[in-house]
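Residues per chain, in single letters:
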Amino acid sequence: QFIFTDGPPPDDVTGREVYARKILRRLGDYAFRRPLDEPTLDRLVKLAIRHDQEEGVMFEQGIGRAVTAILASPRFLFRAEIQADPDDPGRVVDLDEFALASRLSYFLWSTLPDPELMESAVKGGLRANLSRQVDRMIDSPNIQRFVDNFVGQWLQTRDVEGVNIDPRRILRIRDSRQANRVFNNRVRKAMRQETEMLFAHILQDNRSALELLTADYTFLNSTLAKFYGIAGVDGYEMRKVPIPDGNVRGGILTHGSVLLVT
């Protein structure tokens, strides 16, 4: 349904060619992250129809052959940025709207630009409305990809659940089973989520970056709260919790995740 939006193809060759052109234009625009030029579209349609006309081959298989060509193209595999004058290295020009849309989308969402970004680029209004688009993307659930990737690399939270630690040593408990009951994979996962959620909260609320160090709150569930010795947190759902007076927690430098990997 995503590809063959109009259902089965027509029986006549001309109708099938028109249908193939519609399908491949939409897929090419999406995959190449900019409007597909007519010569390339002509070649893709010719490839699809030629294969379709072979004995025993279905229309869908012809489209599949063209889609393979799209996915093998450098314009899909690489985020190419068209230069106005590539032979003049001294000339500096702005990115075009489509390259800007790709940079923005892969930076914040780690994926292709969505229809709204593409439409804004097609109309030539992305640069003029950049702040609004950034705010929209930060408010989207897709921003979690940026949080996971950025915090995972910056603070190494992606290593929290796999780093080799002997819980007996950090807890000073000789019995291995008892130590593993206190410090286990559930605690590790909550530690990673705590740091990611604090970063996401500060990002999405546009709060001061200094709050990463000075926050008088954190994100806990009952598992992590018990490990930290913070009372009054029930349930496995992570939620924002104020730091009790006199408690040493607060800010990423006191997060179990950061202490664990450093």
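The structure we're discussing is the one just above.
Quick look at the structure, then.

Rules used throughout
Residues numbered from 1 in each chain as written. Predicted model: local features only at pLDDT ≥ 70, side-chain atom pairs only at ≥ 80, totals over all residues. Heavy atoms only, no water. Salt bridge = Lys/Arg side-chain N within 4 Å of Asp/Glu carboxyl O. Helix = DSSP H or I, 4+ residues; strand = E, 2+ residues; numbered from the N terminus. Buried < 20%, exposed > 50% of the residue type's maximum accessible area, 1.4 Å probe, protein only. Phe/Tyr/Trp six-rings, centres within 6.5 Å; stacked < 30°, edge-to-face > 60°. Core = buried A, V, L, I, M, F, W, Y, C linked by side-chain atoms within 4.5 Å. Contact = heavy atoms within 4.5 Å. Expected span 1.5 Å × (residues − 1). Arc of directions from axis to C-beta. Axes fitted to C-alpha atoms, helices over the stretch in contact; angles between N-to-C directions. Left-handed = near helix turned anticlockwise from the far one by under 90°. Nonpolar A, V, L, I, M, F, W, Y, C, P; charged D, E, K, R; others polar. Polar contact = N/O pair within 3.5 Å; in protein donor to acceptor, adjacent residues only side chain to side chain. Parallel < 35°, antiparallel > 145°, perpendicular 65-115°, else oblique.

## Considerations on the pattern of salt bridges
Part 1: If you walk through the whole model with that rule in mind, you get 17 salt bridges.
Part 2: Between D114 and R136 there is a salt bridge; the shortest N-O distance is 2.9 Å. Of this pair, D114 sits in the loop between α5 (97-108) and α6 (115-122) while R136 sits in helix α7 (residues 130-139), placing them 22 residues apart in sequence.
Part 3: For D114, a relative accessible area of 18% translates into the label buried.

## Side note on the packing of aromatic side chains
Part 1: Scanning the model with the defined rule gives 11 aromatic pairs in all.
Part 2: Their ring planes at 40 degrees and their centres at 6.2 Å tell us that F146 and F199 sit as a pair that is tilted. Taken together, the positions of F146 in helix α8 (residues 143-154) and F199 in helix α11 (residues 185-204) put the pair 53 residues apart, joining distant regions of the chain.
Part 3: Relative accessible area serves as the criterion here: at 9%, F146 is assigned to the buried category.
Part 4: Ring geometry for F150 and F199: centres 5.3 Å apart, planes at 20 degrees, overall stacked. Taken together, the residues F150 in helix α8 and F199 in helix α11 connect sequence positions 49 residues apart.
Part 5: Accessibility expressed as a relative area gives 36% for F150, which makes it partly exposed.
Part 6: Aromatic rings pair up to connect F107, F146, F150, W154 and F199 into one cluster.

## Things to note about the nonpolar core
Part 1: L108, M191, L198, L220 and L224 are the most contacted members of the largest nonpolar core, which totals 42 residues.
Part 2: Those elements giving two or more residues to this core turn out to be α5, α6, α7, α8, α11, β1 (217-220), α13 (222-228) and α14 (256-261).
Part 3: The element that contributes the greatest number of residues to this core is α11, accounting for seven residues.
Part 4: For L224, the residues in contact, after removing those within four places along its chain, are V187, A190, M191, E194 and F219.
Part 5: If you look at the next biggest cluster of nonpolar residues, it comprises 18 residues, including Y19, F32, L36 and I63.

## Let's talk about helix α2 (residues 38-52)
Part 1: Under the 1.5 Å per step criterion, the end-to-end length of α2 is 21 Å for 15 residues, consistent within 8% with the ideal 21 Å.
Part 2: Those residues of α2 lying buried are T40, L41, L44, V45, L47, A48, I49, H51 and D52.

## Quick look at helix α3 (residues 59-72)
Part 1: With 14 residues, α3 extends 20 Å from end C-alpha to end C-alpha; this agrees with the ideal 20 Å at 1.5 Å per step.
Part 2: Listing the buried residues of α3 in full gives F59, G62, I63, A66, V67 and I70. All buried residues of α3 lie within an arc of 140 degrees about the axis, which places them on one face of the element.
Part 3: For α3, the secondary structure elements touched by its buried residues are α1 (13-32), α2 and α4 (74-77).

## Some details on unusual backbone geometry
Part 1: One non-glycine residue with positive phi stands out, namely R33, at about 60 degrees.
Part 2: Assignment of secondary structure puts R33 in the loop between α1 and α2.
Part 3: Since its relative accessible area comes to 3%, R33 is described here as buried.

## Some remarks on the packing of α2 against α3
Part 1: In the contact formed by α2 and α3, the axes pass within 7 Å of each other and the chain directions differ by 145 degrees. Read as a crossing pair, α2 and α3 show a hand that is right-handed. Between α2 and α3, the contacting residues are L44, L47, A48, I49, H51 and D52 on the first element and F59, Q61, G62, I63, R65, A66, A69 and I70 on the second.
Part 2: For the contact of α2 with α3, the residue count by class is nine nonpolar, three polar and two charged.

## What to know about the environment of E196
Part 1: Locating E196 in the fold gives a position in helix α11.
Part 2: A residue is classified by how much of its surface remains accessible, and E196, at 6% relative accessible area, is buried.
Part 3: Each C-alpha atom, one on E196 and one on N149, is 9.8 Å from the other, the two residues being 47 residues apart in sequence.
Part 4: Among residues more than four places away in sequence, those in contact with E196 are Q144, V147, D148, V151 and T157.
Part 5: A polar side-chain atom of E196 sits 3.1 Å from a polar atom in the side chain of R192.

## Thoughts on the packing of α1 against α3
Part 1: For the pair α1 and α3, the least separation of the axes is 11 Å and the interaxial angle reads 30 degrees. On the basis of the axis angle, α1 is roughly parallel to α3. In this structure, α1 meets α3 at a crossing whose hand is right-handed. In this structure, α1 uses R16, Y19, A20, I23, L24, L27, G28, A31 and F32 to contact α3, whose residues at the interface are F59, I63, A66, V67 and I70.
Part 2: Of the residues belonging to the contact of α1 with α3, the class tally is 12 nonpolar, one polar and one charged.

Any functional reading would require information that these geometric values do not contain.
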